[in-house]
Amino acid sequence: MIGRVPALAAALGVALAAAAAIFMLAPLAVVIASSVSASEFLVFPPRGFSLRWYQEILASSVYLRALGVSLTLAAVVTVISVALGAAAAIGLSRPGVRFAGALQGLFLSPLMLPTILLGIGLLMLASRYANGPSFAVMALGHVVVTLPYVVRTVSAVLARVDPSLEEAARVMGAPWWRRYWHVVLPQARPGLAAGAFFAFNVSFDEAVVALFLRAPGVETLPLLIYSKLEFSPDPSVAAAATLMIAMTVAVMIALDRVLGLDKVAA
Amino acid sequence: MAQLRIDGLTKRFGAVTALDAVDLDIPDGAFVAMLGPSGCGKTTLLRCLAGLERPTSGTIRLGEADITTLPPERRGLGMMFQSYALFPHMRIRENLRFPLKMRGRGDAAAQDAKIDEALRAIRMEGMGDRYPREISGGQQQRVALARAIIADPPLLLLDEPLSNLDAQLRKQMQIELIELHRRIGLTTILVTHDQEEALSLADLVVLMNAGRIEQIGAPRDIYRKPATAFAAAFLGGANLLDVVVENGLARAGDGTALGPLAAPDGPRRLVLRQEALALRDAPRPGEATLAARIVAVAFNGATSRVVVEAAGQRLELTVPAAAIEGRAAGATAQLCFILADAPLV
Amino acid sequence: MKRETALLLAPGVLVLTLGFVLPVLRVLTLAFDAKTGFGLDNFARFFADSFYPLVAWRTVRLSLVITLVTALFGAPLALVMARAPRWLRMALIVVVVLPLMTSVVVRTFGWLVILGRGGLLAQTLAYFDLAGRNFSLMHTETGVVLAMVQVLMPFVTLTVLSTLEKIDPRLEEAARVMGANFWTTLRHVVVPLAMPGLVAGSLLVFALSASSFVTPGLIGGVRLPVLGATIYQQVTGTLDWGFAAAQATLLLILALVVALPYAQGARRAGASR
């Protein structure tokens, strides 16, 4: 503890924290509130209480198909991204990697460069060399977008692992596959789990790459919500958006369990 | 100037009592070492003095003023941290200027003069424009010390100041600290877990254990006459031999008569310093003796450390290496010491 | 480099080459593709009349305002988080991370409900007699800035927070003992040491806000086009890909112009540390 915080500073801090909480959470709160409205239109404050919009989207083939596409896409992307990202993070953690800095930069750069660039680039390549965008192209785009998260979380966990563990396994005669199975992967497990949750969440929520690569039959939930927002949204959009918030909350709880939310944040 | 007076100082962290009603008077100009194992409360005491912790109860007086609840910036003290806490974003000069500026000492020119003087004193003229990361660990230590005293504080607090230096540099800095204290006579409180450092630097050692003061005294007194078993064991790793006093005669645990001892009847413990023990074939006149079996011998160069078993206890002694030649583990010998020189606890 | 390490890295590098490097290169080559082979036709068109330069200027201006506002509120929020008791810190982490991890379409939807005619904001202002019920911030720059600040503030807050947590608490204690009070310690020690995090976070916010189009598109609408929105429109609407590629290239240059000096500064600071 460092001295005492003056009363003025404490008061300003509390005021800022409260203002931030309202400002940051208000948009999510109004979405949730709107989703249980009984009225036909999006009005605020919502009139009455009903779950009819949830019933409606759960009976709607459009919403269900979009949800199915989103879940499939996120699952496929998560598996590929975690496999590639974990291997890369383990590789980068080894001593004597040539061009280590450049490789690190390459793996993290999709996070830094405008995503819109990736979206059009993939669209242009797919139109030229494939039959235009498809589920596979969209998955490729999402793998690129999610890979940095996996590499970062796994690297962060591996950085705390004693490198002599692996050497010890070697000295004790473990073949390469046992070394990975019994030593390397268990050590990296919290990072792998956190990376997987991140990848799933990012892919499930992603809208920018998806907007450029939308193809018939590959309409994800965020895309469906986006097109409804462009015209006249009704409370069914709020219900779908609330489901997406619920998914995010679930992922956050999972992240807190495997790694601790404060570690994930920093 | 400033006499420091601590009364009933208590600090609790939740259920843990770090300081338990500590009373301590420190005379002006003293060099005091707070000594004890980690977690004994010595660092908490120092932080309470600095104002970095607020005591749960008790008072701290500096001269006439009660400073118990004064924020750290208004106490005007000098403090040196274990990690040095040099500001990485400031050059050495600006680090040294910081306390002068914060306390509003003189104009920029006067401050510059003071900084130059300080740099000269630590033999770092011309290095003022470097950043802390651009100088060696020893130099960082000297800058940190210079920064702690540049604003002429009435009291200097040193938190394990030498623990980040290698053994050789540490010895050299100990001498420098002694010289500095002699030269400016600043009341200094040093926190350390290193008993050798405490004994060689301070003129008053405060031995702490479990939030309480175990013993206060001059280094020689505290070493020769430990008041408690803890004091005996912590300072110099003395052996504690269980004895029973009966009608003025001391007997070891196995019944061996050791000699007359002026103490009330009952079980007692003898403090036997490692260097006060000798292994011989037969005792010299006036020596008490115990039959001992050698368990292990570790050669240390000039001396050897020997572990023996005597009177059912394991004892450790340090002897000149030559004195143990010819004796190996398993051999028997007489463990000899002068009973009158061994304090009782 | 050992063969094992190379094998570990190869799949990722391959996928990134195919799915990232080549697409970006494709955009760049298409941008410079002219009827006569290599040329600047697309860029010439961009500057031919005042429409697109004005769009670019609006993009830069809005991004600067958004960056400034996020820094102004996001950095102090990080400071509060770093100093708050555990429960408050955890609550604020949720406050910052939950929106960050929520889909941008969901958050923007929330802002539509808040900012629109008869929305939460209008109702609240009307309640205090500050504005009529028809008050709306839709299709205004203020509305875009508000929504974008909510979307992007977590980036500043989290980068500054991680910088603050790396500062040795002894430095602040030392400053206090040497006579600096809470505010002077903040000014002379905490803020300078947190600056790299603030700069990094702000640059990220600038780059992200310059290239965003979902939120500005839905809230600003066609009346307030930004670069991202015109690119999206050209790609999906008018199918003018060369021109869209040129605009995307300009966007990339904008992001790099801002980011490169910082990256260099950071490397220099890192190297001498």
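Just above sits the structure.
Residues numbered from 1 in each chain as written. Chains lettered and ligands numbered in written order. Predicted model: local features only at pLDDT ≥ 70, side-chain atom pairs only at ≥ 80, totals over all residues. Heavy atoms only, no water.

> How should I be thinking about the interface of chain B and chain C in this particular structure?
Each partner contributes to the interface: chain B provides 22 residues, whereas chain C provides 20 residues. Buried surface at the junction of chain B and chain C, summed over both partners, amounts to about 1,900 Å²; 67% is from carbon and sulfur atoms. Considering only the surface of chain B that becomes buried against chain C, E73(B), M102(B) and R133(B) emerge as the three largest contributors, covering 29% of it. Put simply, chain B and chain C have two salt bridges between them. Where E173(C) meets R47(B), a salt bridge forms, and the shortest distance between an N and an O atom there is 2.7 Å. There are five residue pairs in polar contact (both at pLDDT 80 or more) connecting chain B and chain C. Looking at the side of chain B that touches chain C residue by residue, the classes come out as 14 nonpolar, two polar and six charged. (Contact = heavy atoms within 4.5 Å. Buried area = accessible area lost by both parts, 1.4 Å probe. Salt bridge = Lys/Arg side-chain N within 4 Å of Asp/Glu carboxyl O. Polar contact = N/O pair within 3.5 Å; in protein donor to acceptor, adjacent residues only side chain to side chain. Nonpolar A, V, L, I, M, F, W, Y, C, P; charged D, E, K, R; others polar.)

> Is there a simple way to explain the interface of chain A and chain C in this structure?
Accessible area lost on assembly of the parts is the figure often given for the size of an interface. Across the boundary between the two partners, chain A contributes 93 residues, which contact 82 residues of chain C. The tally of links between chain A and chain C comes to three salt bridges. E4(C) serves as the salt-bridge partner of R94(A), at 2.8 Å between the closest nitrogen and oxygen. The tally of links between chain A and chain C comes to seven residue pairs in polar contact (both at pLDDT 80 or more). Ranked by the residues each element gives to the side of chain A that touches chain C, the list is headed by helix 1 (residues 7–35) of chain A, at 17 residues. A class-by-class count of the residues in the side of chain A that touches chain C yields 71 nonpolar, 10 polar and 12 charged. (Helix = DSSP H or I, 4+ residues; strand = E, 2+ residues; numbered from the N terminus.)

> Looking at this structure, how should I read the pattern of salt bridges?
In a structure, side chains of opposite charge can pair up when their charged atoms sit close to one another. Using the criterion set out here, one finds 29 salt bridges over all chains in the structure. Two residues, D112(B) and R93(B), come together in a salt bridge whose shortest N-O distance is 3.1 Å. Linking D112(B) in helix 3 (residues 108–121) with R93(B) in helix 2 (residues 92–102), this pair joins segments that are 19 residues apart in sequence. For R93(B), a relative accessible area of 16% corresponds to the buried category. For E165(C), the salt bridge identified is with R89(C), shortest N-O distance 2.7 Å. With a gap of 76 residues between them, E165(C) in helix 7 (residues 141–166) and R89(C) in helix 4 (residues 86–101) connect regions that are remote in the sequence. Classification of E165(C) by relative accessible area gives partly exposed; the value is 40%. Its relative accessible area of 11% is what places R89(C) among the buried residues. Here the salt bridges do not stand alone but share partners, grouping R94(A), E166(A), R170(A), R179(A) and E4(C) into one network. (Buried < 20%, exposed > 50% of the residue type's maximum accessible area, 1.4 Å probe, protein only.)

> Just to check I follow, could you spell out the state of the cysteines for this structure?
Simply put, disulfide is the name for a covalent bond between the sulfur atoms of two cysteines. Evaluated as defined, the whole model comprises zero disulfides over all chains. Here C40(B) stays free of any disulfide, with the sulfur of C48(B) as its closest cysteine sulfur at 13 Å. (Disulfide = S-S within 2.5 Å.)

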